[in-house]
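# Structural overview
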Amino acid sequence: MLRASCRQEPRFGRIIGVGGYRPQRVVDNGEICRSIDSSEEWIETRSGIRRRHFATREETHAVMGAAAAEKAIAAAGLDPLDIGCVIVATTTNLVSLPSVAVDVAHRVGARRAGAFDLNAACAGFCYAVGTASAMIRAGEADHVLVVGAERLTDLVDPTDRQIAFLLADGAGAAVIGPSEEPGIGPVVWGADGDQLEAVVMTRSWGDYRHDVAGPPPVMRMDGRRVFRWAVDEMANTAREAMSAAGVTADDLAAFIPHQANMRITEVLAKELALPAHVVVADDIVTTGNTSSASIPLAMEHMLTSGQAASGDLALLIGFGAGLTYAAQVVRLP
Ligand SMILES: CC(C)(COP(=O)(O)OP(=O)(O)OC[C@H]1O[C@@H](n2cnc3c(N)ncnc32)[C@H](O)[C@@H]1OP(=O)(O)O)[C@@H](O)C(=O)NCCC(=O)NCCS
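The structure displayed is predicted, hence computed values, not measured ones. Numbers given for residues are sequential positions, taken from 1 along each chain in its written order. Two thresholds apply to this predicted model, a pLDDT of at least 70 for residue-level local features and 80 or more for giving and counting side-chain atom pairs, whereas whole-chain, interface and lining totals are computed over all residues. Hydrogens and water are ignored here; the side-chain numbers use all heavy atoms of the structure.

This next bit is on the side chain of D169. Think of it this way: any DSSP run of H or I at least four residues long counts as a helix, any run of E at least two long counts as a strand, and we number them from the N terminus. Examined against the element boundaries, D169 turns out to sit in strand β7 (residues 169-179). Buried means the residue's accessible area, taken with a 1.4 Å probe over protein chains only, is under 20% of the maximum for its type, while exposed means over 50%, and partly exposed covers the values in between. This count recognises Lys and Arg as positive and Asp and Glu as negative, with His and chain-terminal groups excluded. For salt bridges, the criterion is a side-chain nitrogen of Lys or Arg within 4 Å of an Asp or Glu carboxyl oxygen. The side chain of D169 is buried and forms no salt bridge, while R151, the nearest opposite charge, is found at 5.8 Å. For this analysis, a polar contact is any N or O atom pair within 3.5 Å, provided that within protein one partner can donate a hydrogen and the other can accept it, and provided that sequence-adjacent residues contribute only side-chain to side-chain pairs. A polar atom in the side chain of D169 sits 2.8 Å from the backbone nitrogen of L152. A polar side-chain atom of D169 sits 2.6 Å from a polar atom in the side chain of T153. Excluding residues that lie within four positions of it along the chain, D169 makes contacts with P23, H53, F54, A55, E150, R151, L152, T153 and T290. Contact definition: two residues touch when any of their heavy atoms are within 4.5 Å.

The next thing to look at is the UniProt feature "active site" (unreviewed entry) in the chain. UniProt positions are given in the numbering used here, feature names are shortened, and annotations may be inferred rather than shown by experiment. As annotated in UniProt, the feature "active site" (unreviewed entry) corresponds to C122, H258 and N289 in the numbering used here. Across 168 residues of sequence, these annotated residues stay compact in space, with a maximum C-alpha separation of 9.1 Å. Mapping C122 onto the fold places it in the loop between β5 (114-118) and α5 (124-138). C122 sits in the buried class, given a relative accessible area of 16%. In this structure C122 touches H258, S291, S292, G318, F319 and G320, once residues within four positions along its chain are discounted. In this structure, N289 sits in the loop between α9 (284-287) and α10 (294-304).

Next up on the list: unusual backbone geometry. Residues L97 and P98 are joined by a peptide bond in cis, for which omega reads -10°. Assignment of secondary structure puts P98 in the loop between β4 (85-89) and α4 (100-108). A cis amide bond links G322 to the next residue, L323, at an omega of -5°. Topologically, L323 is positioned in the loop between β13 (313-320) and β14 (324-331). One non-glycine residue, A273, lies in positive phi territory at about 50°.

An automatic or database domain assignment provides the domain bounds reported here. Domain boundaries in the chain define domain 1 (12-179) and domain 2 (188-331). Taking only C-alpha atoms, the centre of domain 1 and the centre of domain 2 are 14 Å apart. Taken together, the 50 residues of domain 1 in the interface contact 47 residues of domain 2. Notably, a salt bridge pairs D157 with R220, separated by 4.0 Å at the nearest N-O pair. Put simply, the parts of the chain that give the side of domain 1 that touches domain 2 at least two residues each are β1 (12-21), α2 (40-47), β3 (51-54), α5, β6 (144-151) and β7. Among the elements that line the side of domain 1 that touches domain 2, the one with the most residues is α5, at 7 residues. Throughout this entry, Asp, Glu, Lys and Arg are counted as charged residues, while Ala, Val, Leu, Ile, Met, Phe, Trp, Tyr, Cys and Pro are counted as nonpolar. The remaining residues, Gly among them, count as polar. Residues that form the side of domain 1 that touches domain 2 fall into these classes: 24 nonpolar, 15 polar and 11 charged.

The structure is reproduced here in C-alpha cells:
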C-alpha cells in the first residue's frame, strides 16, 4: 500500500501576504499616441487607462516576480525556507526552459520549494490560487507562493491600435498558507475553446525559426469579441463563485476583477448589482492590463491605499486568451 498525503484534520487555504512590482518606466497615453492613430481622450474613455508601466530589458519576469514575491513573503511574516511550492502564472515568457518559477524561487531563497509555471493567460492568477488552495487542503504543501509576472510589451505590436494602449508589464504575488477557517472559496473555472481565435499569436516561434525573413510573432486580439464574451459570460461565473463560497454580494467588501478594461469592470459590477459599499478595483487607470499580474497588483493597491482592509471578503475573477476564466471569493490578508 502506498502512503498518500491525506490530512486527518480538515484545513483550508488563506492568502496571508501580497506584494507587487511595477516597472520603473511610466508611459502615458500621449506617448502611446505617437505610435498609433488614436487620442489620449479615446484611450481613457474606452479603456479607463491613463498611464501604464513598461519593463526595461533588465526587468525580466524573474526580476519582477522575485521583487513582488519578496514583499509578499515579508508581508506574510515568513522565512523563504517556509515556502513549499512556487507557482508562477505567466503567458508572456519567451524562454521555454528553465521555468520562471525556478528562477524566482532561487532569487528569493525558497530553497525547499517545488517550482513550476502555469499558463492560463489572464486567468492565470486565479487558476494558481485555486491550485495552491487545493495543495494546502490536501497536505501537499503548507505555504505556496503564487506569482503573476508578465511582459506583454514583448508580444505587442506597438502600432496595433487594438492593443498597444491596453497591455503593459508588471508582477504581483501572494503567499497562500494554512488556516482553520476557509479563506479561499471554491474556484469556478473553465476554458471556452469556441473562443480560441479571439486572442491569438500571429505565428508560432517554431514557424518563425524556419522563416526568420518573416515578421516575429505578435499578439492579435478581436477586442469587440472579447468584450462581448466577457460581459455576457463572466457575471454568471462570478455568481457561481459567490454561490459556491456561500456568500452574496452583500457580504463582499471588494470586487477585484482582471484589469482588462474599466468598461468591462463597470458592466460586470452593474450586472452583479454590487451594493454601494463594495469597492471596485480600478488599478487599470495607472497600471494598464498586465494579464495574470493584474489581480494581485490591484489587490496590493487596494490594501496599501486603504480602499480595502485585512479580513475583508473580495470576489476575484480572471479571464483571457483561450478564452480561459476562473473566479473565487477570498478573504484579504
Ligand atoms: C480594445 C477595445 C478597448 C476597443 O474598444 P471598442 O469600444 O470595442 O472599440 P471598437 O473596436 O468597437 O471600435 C470602435 C471605433 O473606435 C475605433 N478605434 C479602435 N481602436 C482605436 C484606437 N486605439 N484609437 C482610436 N479609435 C480607435 C474603431 O476604428 C471604431 O471606429 P468606427 O466606429 O468608426 O468603426 C475593447 O474592445 C476592449 O477592451 N476589448 C476587450 C479587451 C480585453 O479585455 N482583452 C483582454 C485580453 S486578455
